[in-house]
Amino acid sequence: MFNSGLTLLRRRIPLKFACFFVGLSFLSPAPELPAGEFTGTKQSSRLYTRSDPAASGGIYAKMALTAKPIQQAFAIDSGNPKLVYQGAVSKDGKEIRFTGLPTAIYDLMLVTRDSFYEGCRLARDPDTLTDRDRQAIAFMVNKSVPFFDTKKIHRCEGTTGRSGKARCVLQEARTLPITLQDHTTRTDIQVRSLKLAFLEDVGDTGWQLVMTREILRTEVDPGDVKGLLLHYYFPVLGGIRVVDTEKDLGEINLRQGASISKQ
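Residues numbered from 1 in each chain as written. Predicted model: local features only at pLDDT ≥ 70, side-chain atom pairs only at ≥ 80, totals over all residues. Heavy atoms only, no water.

A few points about the sheet that holds strand E9 (residues 150-158)
And step 1. Strand order in the open sheet made by the 4 strands is E9-E10-E13-E14, with antiparallel pairing throughout. Each of the sheet's edge strands pairs with one partner strand only, and the pair in question is E9 and strand E14 (207-220). Ignoring which end each strand starts from, the neighbouring axes of this sheet average 15° apart.
And step 2. Judged from the 8 bridges that link them, E9 and strand E10 (residues 165-174) form a sheet pairing that is antiparallel. Bridge pairing links Arg155 to Val169 in E10. (Pairing = 2+ DSSP bridges. Helix = DSSP H or I, 4+ residues; strand = E, 2+ residues; numbered from the N terminus. Axes fitted to C-alpha atoms, helices over the stretch in contact; angles between N-to-C directions.)

The following block contains the structure:
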């Protein structure tokens, strides 16, 4: 049996801070989802793309018995990453399924209680970024969205030189006190965000953060894992071509993933 992924997103970022994300997001503010369990805050219902009832494509995968239970699953259109679909997860967290996917190539992101696994294809061409490029990219990312005091670029690939472009897998967390809508301050909760970040070298001014696409934003409650989730890159989760049938990925052993960010 599968549960709708939306039922798993019960904990939300305080709406008071939503303005920090709008300027760097593909999506604009929209109607709200039910309140979070601990703070009663709400989140946009348009973070994810609606499945197409006319599309017969889909993705199915089963996790190995030794894998951690999956809590949430997302399929990102690699060619148009503003399109992110939320999948259904079985009650035991061992199976995922996406339905109504239009024809495209998809990258998956799977989230467990303390980790996330992704297969995002960040560049079509071989990565040519230099150490200087990466330092400049990190500087731009770290100075953006001051609401988040902790940031980690897990992977970054792109092309160097004028008009160069780069795409990053980014995780951010708010570990400092948070002021809620009712003006109370909480020190026992945090806010965490998983994103794709897009940057361009615009010439004399160097690398600029052009936009981000948020995949998951979570209110981290007192009983949850604090700080950043562990990150694993798992290539089999990327470059999945979907046409007009369900793509069965078979059994996936997430223990074979690589922690690129050396966590």
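Let's pick the thread back up.
A look at helix H2 (residues 131-143)
And step 1. With 13 residues, H2 should cover 18 Å at 1.5 Å per step; its first-to-last C-alpha distance of 18 Å lies within 8% of that length.
And step 2. Among the residues of H2, those classed as buried are Asp133, Ile137, Met140 and Val141. Buried residues of H2, viewed axially, fall in a sector of 95°; they line one side. Structural note: H2 exposes Asp131, Arg132, Gln135, Phe139 and Lys143 on the side pointing more than 90 degrees away from its buried face.
And step 3. On its buried face, H2 is in contact with E9, E10, strand E13 (190-201) and E14.
And step 4. In the stretch just after H2, Val145 is the one whose phi turns positive, near 45°. (Expected span 1.5 Å × (residues − 1). Buried < 20%, exposed > 50% of the residue type's maximum accessible area, 1.4 Å probe, protein only. Arc of directions from axis to C-beta. Contact = heavy atoms within 4.5 Å.)

Here we look at the layout of surface pockets
And step 1. Approximately 680 Å³ is the volume found for the largest pocket.
And step 2. What lines the largest pocket is a set of 25 residues, and nearest its centre among them are Ser78, Leu122, Ala123, Arg124 and Arg167.
And step 3. Split into classes, the residues belonging to the lining of the largest pocket amount to 11 nonpolar, 5 polar and 9 charged. (1 Å grid on protein atoms, 1.4 Å probe; cavity = no way out; pocket = protein on both sides within 12 Å on 5 of 7 lines; lining within 4 Å. Points joined across faces, edges and corners; volume = space filled by probe spheres on them. Nonpolar A, V, L, I, M, F, W, Y, C, P; charged D, E, K, R; others polar.)

Re unusual backbone geometry
And step 1. The phi dihedral of Ser163 falls on the positive side, at around 70°, and the residue is not glycine.
And step 2. Within the fold, Ser163 resides in the loop between E9 and E10.

Comments concerning the pairing of E13
And step 1. The buried fraction of E13 amounts to 11 of the 12 residues, a majority that puts the element mostly inside the structure.
And step 2. With 10 bridges joining them, E10 and E13 adopt antiparallel strand pairing. Residue pairing across strands places Leu170 opposite Lys195, the latter belonging to E13.
And step 3. By the bridge criterion, 12 bridges tie E13 to E14 in an arrangement that is antiparallel. Across the sheet, the residue bridging to Ala197 is Thr212, located in E14.

Concerning the environment of Leu176
And step 1. When you line up the elements, Leu176 lands in the loop between E10 and strand E11 (178-179).
And step 2. As for Leu176 and Ile189, which are separated by 13 residues in sequence, their C-alpha atoms are 8.9 Å apart.

Observations regarding the pattern of salt bridges
And step 1. Under the defined criterion, the tally for this structure stands at 10 salt bridges.
And step 2. With its nearest N and O atoms 2.8 Å apart, the salt bridge here joins Arg97 to Glu246. Placement of the pair is Arg97 in strand E6 (residues 95-101) and Glu246 in strand E17 (residues 246-252), with a sequence separation of 149 residues.
And step 3. The exposure class of Arg97 is partly exposed, given its relative accessible area of 28%.
And step 4. Notably, a salt bridge pairs Asp188 with Arg186, separated by 2.8 Å at the nearest N-O pair. (Salt bridge = Lys/Arg side-chain N within 4 Å of Asp/Glu carboxyl O.)

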